[in-house]
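Observations on chain architecture
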Amino acid sequence: MSTVIPIRADTSGCTDVVPLVERGQREVFCGLTGIIWLHRKIQDAFFLVVGSRTCAHLIQSAAGVMIFAEPRFGTAIIDERDLAGLADVHEELDRVVSQLLTRRPDIRLLFLVGSCPSEVIKLDLSRAAERQNQIHHPAVRVLNYSGSGIETTFTQGEDACLAALVPSLPASAAEAAPALMVVGTLADVVEDQLRGLLERMGLQVNFFPPRNSQAMPMVGANTRFLLAQPFLADTARALQSRGAQHLSAPFPLGVEGTTAWLQTAATEFGVAQDLFEQVTAAPRQRAEKALSVQRQMLQGQRIFFFPDSQLEIPLARFVHRELGMDLVEVGTPYLHRQHMAAELAWLPAGTRISEGQDVDLQLDRCLADAPDLVVCGLGLANPLEAQGITTKWAIELVFTPIQGYEQAADLAGLFSRPLKRRLKLAA
Ligand code: SF4
């Protein structure tokens, strides 16, 4: 008989944890990186970074593996200018946007993405977006957000992008029946699976962001939303300010997380428990079986997470509870206690959780602890490998479809593969 996992943010686990807070030098990507997965999701959108050559290099190299005849992102390079040259910059931006939209009539949604060179900071991109909206209305909607490394880390770029979209979502009628919205970019394959499970329970669900900008979900007091990604604090706040209610749940990583996440929706919408069991039993059992193979390799291995994507706490919960790994340190760039409540309750009491980063101090702790596996950014992986420590690039955990039952074993594989590689090298 299968069990339903109770979801309670009670006083168990790490609910009351006092994290080790560090505010020093950090080694993380900026929010521009989110463009890599966002442009694949919203297929009629274009992301125009207003930035420097460094920004252009970053997104090109991060997206380097993908060759598109017509990419859906680009950079308007703003070279060094003084304040007196700013009027020209606005004109130049207008010209670049007009050229782009003439060449690409398929674009329906254009994001002007801010970055951190001082010339860009001086520009008022929201004013630029408003002006572009007037020029290109109604064919194209133009919005702006910041992916600057000063204001955002890595996954916060998606949060900024979605939060910028929320005010333009259509309003649902005041008397509309409760509707479920899943918030956060998911790979299409994951979205299809989760939608399939929810629909078999009789639920209609909208995903935000959608695959097409013309299919934006409605929002209002009838909206109940589940977060699919843990890094969407501003987006959640923006949705709440439009009357939507957040359904607190663990994130859909691993069998337990996916079951509890689905259960939260099922409970909210009054799905009969029998039906819930019937819909989830088979994929759950398949995933449990696949995970048991991975557990043999990972059980008892000690893992250290550097802060990177805000996925660290749900991932730590998964590798500990479902794969038997021991948590040495779980670093997160930012700890959102409310969104993480169910996850913290599931972590073993006494887990060392750190928030923010002082990279030298954290490296010292890591080397002293000598974990079996370290999850970290690209910049730290090589130095750690050189010291004999096995690493996993955190960015892969963001770029790979990892949510839901069918992906649970693939997710575990992302942790076991580097250990297997290390064993082979040692043999
Ligand atoms: Fe670098 Fe800032 Fe451009 Fe990001 S936004 S690539 S941190 S200059």
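Before going into details, it helps to say that this report is about the structure given with it. (Residues numbered from 1 in each chain as written. Predicted model: local features only at pLDDT ≥ 70, side-chain atom pairs only at ≥ 80, totals over all residues. Heavy atoms only, no water.)

What follows concerns unusual backbone geometry. In this structure, proline 138 follows histidine 137 across a cis peptide bond, with omega equal to 0 degrees. Considering the arrangement of structural elements, one finds proline 138 in the loop between helix H5 (125-136) and strand S5 (141-146). Residue proline 209 is reached from phenylalanine 208 by a cis peptide bond, and omega for that bond is 10 degrees. Along the chain, proline 209 turns up in the loop between strand S7 (205-208) and strand S8 (223-227). For phenylalanine 154, which is not a glycine, the phi torsion comes out positive at approximately 25 degrees. Checked against the element boundaries, phenylalanine 154 lands in the loop between S5 and helix H6 (156-165). (Helix = DSSP H or I, 4+ residues; strand = E, 2+ residues; numbered from the N terminus.)

Right, let's get into the pairing of S7. Summarising the sheet, strand S6 (residues 179-183) and S7 pair through four bridges and their orientation is parallel. Among the inter-strand pairings, valine 182 is bridged to a residue of S7, identified as phenylalanine 207. Each parallel crossover has a hand, and for S6 linked through helix H7 (residues 188-200) to S7 it is right-handed. (Pairing = 2+ DSSP bridges. Right-handed = clockwise from strand over helix to strand, strands pointing away.)

Turning next to the sheet that holds strand S10 (residues 302-305). Taken in spatial order, the six strands line up as S1-S12-S11-S10-S13-S14 in an open sheet, and their pairing is parallel. At either end of the open sheet lies a strand with only one pairing partner, and these are strand S1 (20-23) and strand S14 (391-393). Ignoring strand direction, the axes of neighbouring strands in this sheet form an average angle of 20 degrees. (Axes fitted to C-alpha atoms, helices over the stretch in contact; angles between N-to-C directions.)

Here the focus is the site of the ligand. Neighbouring the ligand are the residues Cys30, Leu32, Cys55, Leu58, Ser115, Cys116, Ser148 and Gly149. Residue composition of the shell around the ligand, by class: five nonpolar, three polar and no charged. (Near = heavy atom within 4 Å. Nonpolar A, V, L, I, M, F, W, Y, C, P; charged D, E, K, R; others polar.)

Moving on, we come to the sheet that holds S5. Spatially, the four strands line up as an open sheet ordered S3-S2-S4-S5, and their pairing is parallel. Two strands lie at the open edges of the sheet, namely strand S3 (73-77) and S5, each paired on one side alone. Averaged over all pairs of adjacent strands, the angle between strand axes in this sheet comes to 25 degrees, irrespective of strand direction. Of the pairings in the sheet, the one linking strand S2 (residues 45-51) to strand S4 (residues 109-114) comprises five bridges and is parallel in character. The partner of alanine 45 across the bridge, within S4, is leucine 109.

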